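The primary structure of each chain is shown beneath.
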Amino acid sequence: MIRTGHIRTFLFMLCLALLVAGVGGMVAYRVEILRLADTLDQSLTLTRRSIETEIDRFRYLPEVAEQDVRISRAVTAPQDRQAVAAANRYLETIAAVSGADQLYLLDKSGIAVAASNWSTPDSFVGIDYSFRPYFRDAMEAGAGRFYGIGVTTGRPGYFLSSRLDLGGGDLAVLVVKIDLTPLQATWRLAAVDTAIADADGIIFLSGQPDWLYRPLFALGAQARDHIAVTRRYEGVNFDSAKALLAAQPASQADVQPVDLSGRSLVLRRLAMEQEDWQVIQSSPVAPARMTALATAAILGLTTLAA
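Residues numbered from 1 in each chain as written. Predicted model: local features only at pLDDT ≥ 70, side-chain atom pairs only at ≥ 80, totals over all residues. Heavy atoms only, no water.

The next thing to look at is the pattern of salt bridges. With the rule as written, the count across this model stands at twelve salt bridges. Arginine 70 is the partner of aspartate 68 in a salt bridge, and the nearest nitrogen-oxygen pair spans 2.8 Å. Taking relative accessible area as the criterion, arginine 70 reaches 33% and is therefore assigned partly exposed. With a closest N to O distance of 3.9 Å, aspartate 101 and lysine 177 form a salt bridge. With aspartate 101 in the loop between helix H4 (81–98) and strand E1 (102–107) and lysine 177 in strand E5 (residues 170–178), this pair connects stretches of sequence that are 76 residues apart. Lysine 177 sits in the buried class, given a relative accessible area of 1%. (Salt bridge = Lys/Arg side-chain N within 4 Å of Asp/Glu carboxyl O. Buried < 20%, exposed > 50% of the residue type's maximum accessible area, 1.4 Å probe, protein only. Helix = DSSP H or I, 4+ residues; strand = E, 2+ residues; numbered from the N terminus.)

If you want it as structure tokens, here you go:
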């Protein structure tokens, strides 16, 4: 009789230990996931600021160039070879000093009349860029911005454009091309996966190479048409590009882990309103699971010991 009572007590304590371990493990897992999401949110804020700082370094260039007479002469006298040559050399110097990838000057029809890479085989001089949104936006609103793969060089870059009002009704657009790809090398060394997606949800910069030029979610017909018209990602085939995520989360507060390329991750996003981008960071949930398992084991053993 006494032995039967001991067995029942042991079974009760075993069930209690399993219950405590299970509940404690789930609570510990949830706490770790929330902590990881909070860490990612703080990191996203810093990452966004570093990207904005990198871009802001070049915003002053159109205003500086507009004041130089060599720029206005190249626009008003495009047939004057000496004037164009002087503008070419001036833009080449500015690019070298500022660290910009390229600078080039478009007339009011969108034709490049001078460029910092004038002496290279892939010179922009003479190329028609009127189809690019950054040209149309600058002519209509005074400024434009656009990220895409260069149709002349085949290299991606961020294009900042500014309309130049040269007097006498003469208009031009100065474009600064910024190379942001060095950010990817920095992100590859970080503990978290970092990327940037455009307004259509296409990832165009990423520390994870297999994320590059893939949509976050399945592309709709309107997004595909927009990409095709702007030639944003010249040469990229999006028909075979698989979306990273199956569906959008219910809200930004949702921290439910997602399966991404066979990895379970906590993924967070933060908008960059001025650029119409979103910065993305993710981190594996494996450490949270290990913490939950360790917590469950400790609680279970402690209950049995009691």
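What follows picks up the thread again.
On to the environment of valine 279. Looking at where valine 279 falls in the secondary structure, it is placed in strand E10 (residues 277–284). When the C-alpha atoms of valine 279 and aspartate 198 are compared, they prove to be 9.1 Å apart, with 81 residues separating the residues in sequence.

The subject of this paragraph is the nonpolar core. One finds Ile51, Leu103, Leu105 and Trp277 to be the most contacted residues of the largest nonpolar core, which totals 45 residues. The greatest single-element share of this core, amounting to five residues, is contributed by H4. Ignoring any residue separated from it by four or fewer positions in sequence, one finds tryptophan 277 in contact with Ile51, Ile55, Tyr147, Tyr158, Leu180, Ile196, Ala197, Asp198, Phe204, Leu270, Ala271 and Met272. Ranked by size, the runner-up nonpolar core spans 13 residues in total, among them Tyr104, Ala115, Phe135 and Ala138. (Core = buried A, V, L, I, M, F, W, Y, C linked by side-chain atoms within 4.5 Å. Contact = heavy atoms within 4.5 Å.)

With that settled, the discussion passes to the pairing of E10. Across the eight residues that make up E10, a large majority, seven, are buried. Both strand E6 (residues 193–197) and E10 contribute to a ladder of five bridges, which runs antiparallel. The partner of aspartate 193 across the bridge, within E10, is serine 282. Both strand E9 (residues 263–272) and E10 contribute to a ladder of eight bridges, which runs antiparallel. (Pairing = 2+ DSSP bridges.)

Bringing the packing of helix H3 (residues 69–76) against H4 into the picture now. Packing of H3 against H4 leaves a shortest axis separation of 8 Å and a crossing angle of 135 degrees. On the basis of the axis angle, H3 is oblique to H4. In the crossing of H3 with H4, the sense of the turn from one axis to the other is left-handed. Across the interface between the two elements, Arg70, Ile71, Arg73 and Ala74 from H3 touch Ala83, Val84, Ala86, Ala87, Tyr90 and Leu91 from H4. Tallied by class, the residues present in the contact of H3 with H4 amount to eight nonpolar, no polar and two charged. (Axes fitted to C-alpha atoms, helices over the stretch in contact; angles between N-to-C directions. Parallel < 35°, antiparallel > 145°, perpendicular 65-115°, else oblique. Left-handed = near helix turned anticlockwise from the far one by under 90°. Nonpolar A, V, L, I, M, F, W, Y, C, P; charged D, E, K, R; others polar.)

Once that is clear, we can look at the confidence of the model for the protein. On average, residues of the protein carry a pLDDT of 82, and 80% of them reach 70 or more. Mean pLDDT values for the elements of the protein range from 58 in helix H8 (residues 286–305) up to 95 in strand E2 (residues 112–115). (pLDDT = per-residue confidence, 0-100.)

Now for H3. Residues of H3 that are buried include every one of Ile71, Ser72, Ala74 and Val75, and no others. Looking straight down H3, one finds its buried side chains confined to an arc of 160 degrees; they lie on one side. (Arc of directions from axis to C-beta.)

Looking now at the environment of alanine 95. Relative to the helices and strands, alanine 95 is located in helix H4. Taking the C-alpha atoms as reference points, alanine 95 and valine 176, 81 residues apart in sequence, are found 8.7 Å from one another. With near-sequence residues (within four places) excluded, alanine 95 lies in contact with Ala100, Leu103 and Ser116.

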